[in-house]
Amino acid sequence: FVEQSTEGIWRFELEEPIPTDVPEEEQIERFYRHAYLAECNNVVARMYGFTHAEEIVGARLGDFLPRSVPENVEYLRSFVRSDHRLTDAESEEVDREGNSKRFLNNLTGVVENGFLVRAWGTQRDVTEHKEAERRLQEAETRYRTLVEQIPAITYVQEPVESSNPKAITYMSPQYETILGYPSESEAIDEEHWLRILHPEDRERVLAEEARTDETGEPFKMEYRVIAKDG
């Protein structure tokens, strides 16, 4: 099962069992001092840039989870606090070339007579996924920076055929700057825009909106709205 699994599977042993009743920081210290990789499958080896499990068996915990990365220490602290069981816990590690890797882990400690003696775990490489998330977040930040600087109201609205038709999912701060209403007004009140349309313009605006919904052609027209100050 271990050899055929598509997930990385490993077993860390402790040269000296760790008492589970000692403080968190002492347990973490002992992890780094006594934990070593006793067994793993080839999937784990490949995640770190090796070919066969035999190439990394025997490596110390610190070789995988550098203590200099605060998230790794917090990862071990969470392991202690959860009675030595973690699900979907992220770790930031390094491969043989020193490249940063992100893994999603499930691990279970084996406790005998009040002492932690070993830990079994599975892991998946989510490095590319996390990098994609980071790039998306950067793009989102650039987008927001841009639209929040231009002197116009920018908004995102769901299409008619969506599960949440006509819902406003984003409204730039200029909505409040220009009109005086809070930017979230459209999101929390679907009738807000209808109410602030100038009565003399409402009919033609709604007709143009209906045409746009039906044909998919751009909505482009001049009309009046009533600002908060009247």
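1. Overview of the confidence of the model for the protein
At step 1: With 98% of its residues at a pLDDT of at least 70, the protein reaches an overall mean of 90.
At step 2: The element-level mean pLDDT for the protein is lowest in helix H7 (residues 185-188), coming to 82, with strand E1 (residues 8-19) highest at 96.

2. A look at the pairing of strand E5 (residues 115-125)
At step 1: Pairing of E1 with E5, which is carried by 8 bridges, proceeds in the antiparallel orientation. Looking at E5, one finds that Gly-8 is bridged to Gln-123.
At step 2: Inspection of the sheet shows strand E4 (residues 100-112) paired to E5 by 10 bridges, in the antiparallel sense. Among the inter-strand pairings, Gly-109 is bridged to a residue of E5, identified as Ala-119.
At step 3: If you look at the hairpin formed by E4 and E5, you'll find 2 residues sitting between the two strands, and Asn-113 has a positive phi there, around 55°.

3. Details of helix H1 (residues 24-34)
Three or four residues apart is the spacing at which side chains of an α-helix point the same way, because the helix has 3.6 residues per turn.
At step 1: Where H1 is concerned, the buried positions are Gln-27, Ile-28, Phe-31, Tyr-32 and His-34.
At step 2: Each element contacted by the buried residues of H1 is listed here: E1, strand E2 (35-40), helix H3 (61-64), helix H4 (70-81) and E5.

4. Observations regarding the nonpolar core
At step 1: Trp-10, Phe-31, Tyr-48, Ile-56, Leu-61 and Leu-76 are the most contacted members of the largest nonpolar core, which has 34 residues in total.
At step 2: Among the elements that take part in this core, H4 stands out by supplying 5 residues, more than any other.
At step 3: Other than its neighbours up to four places away in sequence, Leu-76 contacts Ile-28, Phe-31, Tyr-32, Leu-61 and Leu-65.
At step 4: Counting residues in hydrophobic clusters, the runner-up holds 6 residues, among them Ile-168, Tyr-175, Leu-179 and Tyr-181.

Cut-off values and rules
Residues numbered from 1 in each chain as written. Predicted model: local features only at pLDDT ≥ 70, side-chain atom pairs only at ≥ 80, totals over all residues. Heavy atoms only, no water. pLDDT = per-residue confidence, 0-100. Helix = DSSP H or I, 4+ residues; strand = E, 2+ residues; numbered from the N terminus. Pairing = 2+ DSSP bridges. Buried < 20%, exposed > 50% of the residue type's maximum accessible area, 1.4 Å probe, protein only. Contact = heavy atoms within 4.5 Å. Core = buried A, V, L, I, M, F, W, Y, C linked by side-chain atoms within 4.5 Å.

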